[in-house]
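Remarks on the overall topology
Spelled out, the chains give:
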2 protein chains.
Amino acid sequence: MKAVLVVLDGLGDRRCRSLGYMTPLQYARNRVLDRLAAEGETGLVDVVARGIPNGSDTGHLALLGYDPFTCYTGRGPFEALGAGLDLRLDDVAFRCNFATVAEDGTVIDRRAGRISTEESRELAESIQTMEIDGVQFTFRHTVEHRGVLIMRGKGISHRVSNVDPHGKTSTVQKPMPLDDSPESIKTAQALEKFLEKTRQILQTHPINIKRREKNLPPANYILTRGAGRLPNLLPFEKKFGLKAAVVAGGALYKGVCRAAGFDVVNVEGATGTVNTNLGNKINAVIESLKTRDFVLLHVKATDTLSHDKKPREKAEMINRVGEALGKMLEQLSSDTYVAVTGDHTTPSEIGDHRGDPVPVLIWGPDVRGDSVTKFDEISCMYGGLGRIRGVELMPILANYLGTLELYGE
Amino acid sequence: MKAVLVVLDGLGDRRCRSLGYMTPLQYARNRVLDRLAAEGETGLVDVVARGIPNGSDTGHLALLGYDPFTCYTGRGPFEALGAGLDLRLDDVAFRCNFATVAEDGTVIDRRAGRISTEESRELAESIQTMEIDGVQFTFRHTVEHRGVLIMRGKGISHRVSNVDPHGKTSTVQKPMPLDDSPESIKTAQALEKFLEKTRQILQTHPINIKRREKNLPPANYILTRGAGRLPNLLPFEKKFGLKAAVVAGGALYKGVCRAAGFDVVNVEGATGTVNTNLGNKINAVIESLKTRDFVLLHVKATDTLSHDKKPREKAEMINRVGEALGKMLEQLSSDTYVAVTGDHTTPSEIGDHRGDPVPVLIWGPDVRGDSVTKFDEISCMYGGLGRIRGVELMPILANYLGTLELYGE
């Protein structure tokens, strides 16, 4: 027996005025999703906890059965893993942006004019490795203005604050220790020195000289955020008895899955954007199931459209995913379970994450079934799964697959 | 006010093809159980946790209000208590089988040809007590090929692996320490010596010489499993203010209840099998209620029939229990509550435990009631009790009986 878990990022929503007071899922009224709900079992998921708005990192950890409250420290390590880097458990990893920062510390552009991947890569080479106060710094560029920084060495800590003001203020923040430990203080100090050194190198880098000549904002600063350590997760295969793979566009999702020991399937055209190639992703799921028991299929665009406050386009995207799932169903063997849910609610009139629960359905040969016939936030309130927490989804699925060890005799 | 908790072992099930896609409970459609559901309050129980398949030992601990995740180490001590033995908290107890094992360690028969109680008793006398490495070994025969082993002494541990391969392989397993502690290592080593000594004694025992002459498999080995320590449980009477008794056939259920301080009522004809005398058990419940506030009535056969993959016979057994409960209701005083549930789900098309929730009903003078009129896995999804965990059942029941201490003022 096998299972596919489909996560539509930011799927949950609220009633939207522009959709006649329906949620995008209600408005979409997709025939495939409704069929799965009617034939399967439904419910609502509080992904991390009732009412608590969560990020995609903590949301995915929970949906894979790992309690983020006990294992999550920051997003950095998952971005690093997702970018294909390898991490040690005592490394401290950060997400980074190339940014344009004025002499007085004012952030002119958090993305350095959305500098190209090619330019960023060349800049990154000049600040690739550095040793400061006995700490090894490794910087890796990923996509466009984005990168990852890894600190490795004795006596360091992930308890350091964000340098990236991220819309909260307009000034670069000094990295500060988040507790009184010598490790946090040392880490903040070394990071500050690294940022100053890289600023000097970037400032006079030929790429930036050229950009200034073209009146483009120079990428003269590294904004760090999301400091974290890789959690020492019990491998998914050991925890649930399932050999697993992930089909996703975004680095973060691959990273969380890699931390749990998943195989990462790279799919052409899986971009993590609205233009993602759903057909290729479905093919990759079918192919992956030949040698695995469990595949996580992640679709990012539903969340992006919510952040862009486009409920109607979100509904259209839900319909596109529904149709793609319809084609997937035709190719699944009869002993396959399919679960569909989201990693958090992003109300598309607000454009930001909220802690409302997310609808979930489980479809497959041996579900008990319930009386719900539609897949949306309101109908699923009355589902047979009731109200579950994110970390409970995987035990429920693995129970259907019969791979869990008996507790007791 | 008093209460009877009726546990039908392995009651929960899934839709069965041979029952027209109904569960055995739906197929049974028992008038007494449906009446109790209609007049009472219903719900679903996740006995140990959502999706987690559990054994009868952990299931009963949870249903009696004791969290198995914090108090359970293994089944051995409950079997020992159920067999009437007394245990100290630092004893380590095992379940045992007399088995037939070849020279090379191959298990020829895990039950030594289902050797008789009489022969086993005589064999057991020859290996009753032994001292090895300062550890006292006590072996007691129970029924047929079954027995219990108790280790008593300083510096021992329950963290030793099963010797009984129990269907997983065909070879006797060497007892191994399950952690690096000197206690676990010492226990495994002493147990290995005990098994070798008993093998020598059993091999040449007159009973086995006679069995070989009759071409019967000799009972020449003790297979141990379920190593555990007795948890130090807060007595049930102290915890819930209820003087309690158990009416059950199987030793395990008596053992769990004894660990919680219940009186064990031994009933003639209560065999823990399909042929159990339900009439006698009901009489014992009525009799026990005269001097106690709470009686646990356990019926094993529903689980046995599920393991035997006989959904129709399971439905018939449910009907027999329902009718017996009808007779019990006639004799209960009007201030008595009745709860009916199971200790886990055993889908009778699979023949093994699963983590699906189990239906529960509570009937009695002061329940609020709900709109559910049938007692089965699907109907109870919509019950007023909602979705509860096993450990929550007893507080809910004791609340109706009014015996719980006020928390706060």
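Up top is the structure.
So, how was this worked out
- Residues numbered from 1 in each chain as written.
- Chains lettered and ligands numbered in written order.
- Predicted model: local features only at pLDDT ≥ 70, side-chain atom pairs only at ≥ 80, totals over all residues.
- Heavy atoms only, no water.
- Helix = DSSP H or I, 4+ residues; strand = E, 2+ residues; numbered from the N terminus.
- Expected span 1.5 Å × (residues − 1).
- Buried < 20%, exposed > 50% of the residue type's maximum accessible area, 1.4 Å probe, protein only.
- Axes fitted to C-alpha atoms, helices over the stretch in contact; angles between N-to-C directions.
- Parallel < 35°, antiparallel > 145°, perpendicular 65-115°, else oblique.
- Left-handed = near helix turned anticlockwise from the far one by under 90°.
- Contact = heavy atoms within 4.5 Å.
- Nonpolar A, V, L, I, M, F, W, Y, C, P; charged D, E, K, R; others polar.
- Lys, Arg positive; Asp, Glu negative; His and termini not counted.
- Salt bridge = Lys/Arg side-chain N within 4 Å of Asp/Glu carboxyl O.
- Pairing = 2+ DSSP bridges.
- Buried area = accessible area lost by both parts, 1.4 Å probe.
- Polar contact = N/O pair within 3.5 Å; in protein donor to acceptor, adjacent residues only side chain to side chain.

1. Quick notes on unusual backbone geometry
- If you check the backbone angles, R29(A) has positive phi at about 40 degrees while not being a glycine.
- Relative to the helices and strands, R29(A) is located in the loop between α1 (24–28) and α2 (31–39).
- We note that N215(B) has phi near 60 degrees; this positive angle belongs to a residue other than glycine.
- Note on placement: N215(B) falls in the loop between α8 (206–213) and β8 (221–228).

2. Overview of helix α7 (residues 182–203) of chain A
- The end-to-end C-alpha distance of α7(A), which contains 22 residues, comes to 31 Å, matching closely the 32 Å that a straight helix rising 1.5 Å per residue would cover.
- Every buried residue of α7(A) is accounted for by S184(A), T187(A), A188(A), A190(A), L191(A), F194(A), L195(A), T198(A) and L202(A).

3. A few points about the packing of helix α3 (residues 56–63) of chain B against helix α10 (residues 251–259) of chain B
Residues and elements named next belong to chain B.
- In the contact formed by α3 and α10, the axes pass within 10 Å of each other and the chain directions differ by 40 degrees. Taken as axis vectors, α3 and α10 run oblique relative to one another. When you trace α3 past α10, the crossing you get is right-handed. Facing S56, D57, H60 and L61 of α3, the residues of α10 in contact are L252, Y253 and V256.
- In terms of residue class, the contact of α3 with α10 is built from four nonpolar, two polar and one charged.

4. Topic: the side chain of K254(B)
Residue and element names in this part refer to chain B.
- For K254, the location among the structural elements is in helix α10.
- Of the side chains with opposite charge, E79 comes closest to the buried, unpaired K254, at an N-O distance of 10 Å.
- With residues near it in sequence (within four places) discarded, K254 still touches G82, V246, A248, G249, V264 and N266.

5. Re the sheet that holds strand β9 (residues 244–247) of chain A
Residue and element names in this part refer to chain A.
- Strand order in the open sheet formed by eight strands is β10-β9-β11-β1-β12-β13-β2-β14, with mixed pairing between adjacent strands. Strand pairing shows two members of the sheet lacking a second neighbour, β10 (263–265) and β14 (386–389), which therefore form its edges. Taken pair by pair, the neighbouring strands of this sheet meet at an average axis angle of 25 degrees, ignoring direction.
- As paired elements, strand β1 (residues 2–8) and strand β12 (residues 336–341) share six bridges and run parallel to each other. Paired with K2 across the bridge in β12 is T336.
- Here α2 sits on the sheet in contact with β2 (41–46), β12 and β13 (358–363), set at roughly 70 degrees to β13.

6. Observations concerning the interface of chain B and chain A
- Each side of the interface is counted separately: chain B has 34 residues, and chain A has 25 residues.
- A buried area of about 2300 Å², summed over both sides, lies between chain B and chain A, and 47% of it is on carbon and sulfur atoms.
- When the buried area of chain B at its contact with chain A is split by residue, R14(B), R50(B) and Y382(B) rank highest and sum to 28% of it.
- Summed over the shared surface of chain B and chain A, the result is four salt bridges.
- Of the charged contacts, one joins D366(A) and R17(B) as a salt bridge, the two residues approaching to 3.7 Å between their closest N and O atoms.
- For the interface between chain B and chain A, the tally reads 21 residue pairs in polar contact (both at pLDDT 80 or more).
- When contributions to the side of chain B that touches chain A are tallied by element, the ones reaching two or more residues are α3, α4 (68–71) and β8 of chain B.

7. Some words on the pattern of salt bridges
Residues and elements named next belong to chain B.
- Scanning all chains against the criterion turns up 55 salt bridges over all chains.
- Measuring nitrogen to oxygen at the nearest pair gives 2.5 Å for the salt bridge that ties R17 to E349. Of this pair, R17 sits in the loop between β1 (2–8) and α1 (24–28) while E349 sits in the loop between β12 (336–341) and β13 (358–363), and the two are 332 residues apart along the sequence.
- A relative accessible area of 30% means that E349 is categorised as partly exposed.
- D263 is the partner of R292 in a salt bridge, and the nearest nitrogen-oxygen pair spans 3.0 Å. Taken together, the positions of R292 in the loop between α11 (278–289) and β11 (294–299) and D263 in strand β10 (residues 263–265) put the pair 29 residues apart, joining distant regions of the chain.
- On the basis of relative accessible area, D263 is assigned to the partly exposed category, the value being 29%.

Just geometry here; none of it tells us what the structure is for.
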